[in-house]
Amino acid sequence: MLYSPFNRAASLPEYDRPFLWVSLALLGMGLVMVYSASIAIAEAGRYTGYQASYYLVRQTAFLLVGGIGGLIAFQVPLRVWQKAAPYLFLAGAALLVLVLIPGIGREVNGSQRWLPLYVANLQPSEFMKLFVMIYAADYTVRKAAYVDSFRKGFLPMLAVMLFIGGLLLLEPDMGAFVVIAAIAMGVLFLGGMNAKLFAGLIIASMAGFLLMILSSPYRMQRVVGFMDPWADAFGKGYQLSHALIAFGRGEWLGVGLGASVEKLFYLPEAHTDFLLAVIAEELGFAGVAVVVGLFAWLVARAFAIGRRAAKLERYFAALIAQGVGLWLGVQGVVNMGVNMGLLPTKGLTLPLMSFGGSGIVANCCALAILLRVDWENKKLLQGYAV
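Calculation notes
- Within any chain, residue numbers begin from 1 and follow the written order of that chain's sequence.
- Given that the model is predicted, a residue must reach a pLDDT of at least 70 before its local features are reported, and side-chain atom pairs must reach 80 or more before they are shown or counted; all residues, however, enter totals for whole chains, interfaces and linings.
- Values reported for side chains reflect all heavy atoms of the structure, with hydrogen atoms and water molecules removed beforehand.
- In this description, the term disulfide denotes a pair of cysteine sulfurs within 2.5 Å.
- Accessibility here uses a 1.4 Å probe with only protein chains present; expressed as a share of the type maximum, an area under 20% marks a residue as buried, one over 50% as exposed, and anything in between as partly exposed.
- For this analysis, a nonpolar core means a set of buried residues of the types Ala, Val, Leu, Ile, Met, Phe, Trp, Tyr and Cys, connected via side-chain atoms within 4.5 Å.
- Only DSSP runs of H or I reaching four residues or more are called helices, and only runs of E reaching two or more are called strands; each is numbered from the N terminus.
- Whether two residues touch is decided by their heavy atoms; if any such pair falls within 4.5 Å, the residues are in contact.
- What a helix should span is 1.5 Å times the count of its residues minus one.
- One fitted axis covers the seven residues ending at a residue, a second covers the seven starting there, and the bend at that residue is the angle between these axes.
- N or O atoms within 3.5 Å of each other form a polar contact, as long as, within protein, one can give a hydrogen and the other can take it, and as long as residues adjacent in sequence are counted only when both atoms are side-chain atoms.
- Two joining distances apply to patches: 9 Å for like charges and 5 Å for nonpolar side chains (Val, Leu, Ile, Met, Phe, Trp, Tyr), and every residue must have over 30% relative accessible area and no salt bridge.
- Each accessible area value is a Shrake-Rupley result obtained with a 1.4 Å probe; residue values ignore everything except the protein chains displayed when judging cover.
- Salt bridges are defined as contacts in which a side-chain nitrogen from Lys or Arg sits within 4 Å of a carboxyl oxygen from Asp or Glu.
- Here a cavity denotes grid points, spaced 1 Å and computed from the protein atoms alone, that fit a 1.4 Å probe unable to get out, and a pocket denotes an open set having protein on both sides within 12 Å along at least 5 of 7 lines; residues with an atom within 4 Å of a point are the lining.
- Grid points are joined across faces, edges and corners, and a volume is the space filled by probe spheres set on the points.
- Three classes are used, and their members are as follows: Ala, Val, Leu, Ile, Met, Phe, Trp, Tyr, Cys and Pro are nonpolar, Asp, Glu, Lys and Arg are charged, and the others, Gly among them, are polar.

**Q** Help me out: how do you make sense of the state of the cysteines in this one?
**A** Simply put, the disulfide is a covalent bond whose two ends are the sulfur atoms of two cysteines. Counting across every chain of the model gives 0 disulfides. The closest cysteine sulfur to the non-disulfide-bonded cysteine 364 is located on cysteine 365, 7.0 Å from its own sulfur. Here cysteine 364 falls in the buried class, since its relative accessible area comes to 10%. With a relative accessible area of 12%, cysteine 365 lands in the buried category.

This is the structure in structure tokens:
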């Protein structure tokens, strides 16, 4: 048989179909539940035009943009992402500074986290999670010889993270800071950071978070409300108490899709931060178990892809894959923990599912890059250059 470039192209590895289907399942389920959770608030809102499908239409548009962004991200080789890492990080930091400038950043519910665009709002902290993940992976690979050094390896990254953390806390957006810090610390640890340095970092982080809680009456109220929401069910514990009521009403199989009572102006942010509570009420324990299972599968698959890349000595790709797993895992666990009353209330959405354009687009791009890591792994195993 004569050699042909078309024959060679036909033998290229296929993408990970199960991974793609699980991702689409979460995105699709999120779209359905966002519509269900937002119908009442959309019908009653003047700025929504009193249209029940307002959030459905916008979430569908966000998914389309995220899909296009993911397709573009998948076409970019990992070596290009690595070269672009410092510039992406600087661009993200510039956006975080821009959002704090009066007259430019938009304030909602006391937080200045958004840049108003013509058709939607851009939330820089969501894209900063992606940029920090890429930058931390590149930094760890570049500084591999100094990863055990406090001065040359650890201190520069600590200074950078403190700077980013300071910008996020000025918004304020402590939830995003927690996720970004977890991504950076996790990637450094997976990249071979000295165990003593990592333990010291954990202790210092816990002390820092404790100090921030004690120094802020607002954060202290959230912690107190989380510990006993029923003590002030119409005040500090209002949101959590209604989330717990939603979980209780759902029982095993739920009250039925669309039949939630808590979404009828009882549970604030039902289509964003507390989407899981609506899932629990309408689909019950079974629905929540499906969501948790799908997230667990995605995280496990991300780490499996990372391990394969590490065996192929593709260390940047390995850290990127595991970074995506950390991101989805940490943010997912925090959001689920908040909904179930296991963690203090934080302004964090459920990845891939909650309403929000910036989060959906950033998540889709991250999943596409992870899919690219797996595709390049298979390509290398088949003898192709990457």
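**Q** I tried to follow the nonpolar core on my own but got confused; where do I start?
**A** Across soluble globular proteins, nonpolar side chains have a tendency to be buried as a group. Residues Leu130, Ile134, Ile279, Val291, Ile320 and Met353 are the most contacted members of the largest nonpolar core, which totals 111 residues. With 15 residues, helix H11 (residues 275-311) is the single largest residue contributor to this core. Setting aside its immediate chain neighbours within four residues, isoleucine 134 contacts Trp81, Ala85, Leu88, Phe316, Ile320 and Ile369.

**Q** Please clarify how helix H2 (residues 17-44) should be interpreted in this entry.
**A** Since one α-helical turn is 3.6 residues long, residues separated by three or four positions face the same way. Taking 1.5 Å of rise per residue, 28 residues should cover 40 Å, and H2 covers 41 Å from first to last C-alpha, within 8% of that figure. Of all the bends in H2, the greatest, near 50 degrees, is centred on serine 38. Where H2 begins, the side chain of aspartate 16 points an oxygen toward the backbone nitrogen of phenylalanine 19, at a separation of 3.1 Å.

**Q** What should I look at first to understand the side chain of asparagine 363 in this one?
**A** One can find asparagine 363 in helix H13 (residues 357-381). The exposure class of asparagine 363 is buried, given its relative accessible area of 4%. Not counting residues up to four positions away in its chain, the partners in contact with asparagine 363 are Trp327, Pro351 and Leu352.

**Q** Looking at this structure, I do not really get the environment of glutamate 43. What am I missing?
**A** The topology assignment puts glutamate 43 in helix H2. Residue glutamate 43 is classed as partly exposed on the basis of its relative accessible area, which comes to 45%. Each C-alpha atom, one on glutamate 43 and one on proline 124, is 29 Å from the other, the two residues being 81 residues apart in sequence. Residues contacting glutamate 43, with those up to four places away along its chain left out, are Tyr50, Gln51 and Ala52.

**Q** Sorry if this is basic, but what is going on with unusual backbone geometry here?
**A** One can expect most non-glycine residues to show negative phi and most peptide bonds to be in trans. Cis geometry is adopted by the peptide bond preceding proline 172, which originates at glutamate 171 and carries an omega value of -10 degrees. Along the chain, proline 172 turns up in the loop between helix H6 (150-170) and helix H7 (174-190). Non-glycine residue tyrosine 50 carries a positive phi angle of around 55 degrees. Structurally, the position occupied by tyrosine 50 is in the loop between H2 and helix H3 (54-75). Phi angles above zero are rare outside glycine, and glutamate 313 is one such case at about 60 degrees. Looking at the secondary structure, you find glutamate 313 in the loop between H11 and helix H12 (315-339).

**Q** Quick question: what am I supposed to make of a nonpolar patch on the surface here?
**A** Together, Ile41, Val261, Leu264, Phe265 and Tyr266 line one region of the surface with nonpolar side chains, adding up to about 440 Å² of accessible area. Note on placement: tyrosine 266 falls in the loop between helix H10 (238-250) and H11. The class of tyrosine 266 is partly exposed, set by a relative accessible area of 40%.

**Q** Where do I start with empty space enclosed by the protein in this structure?
**A** One way to see where empty space is left: roll a probe the size of a water molecule over the atoms. Under the counting rule described, the total for this entry stands at 1 cavity of 30 Å³ or more. Around the largest cavity sit Tyr139, Thr140, Lys143, Val147, Gly153, Phe154, Leu188 and Met193, which together line it. Looking at the lining of the largest cavity residue by residue, the class counts come to 5 nonpolar, 2 polar and 1 charged.

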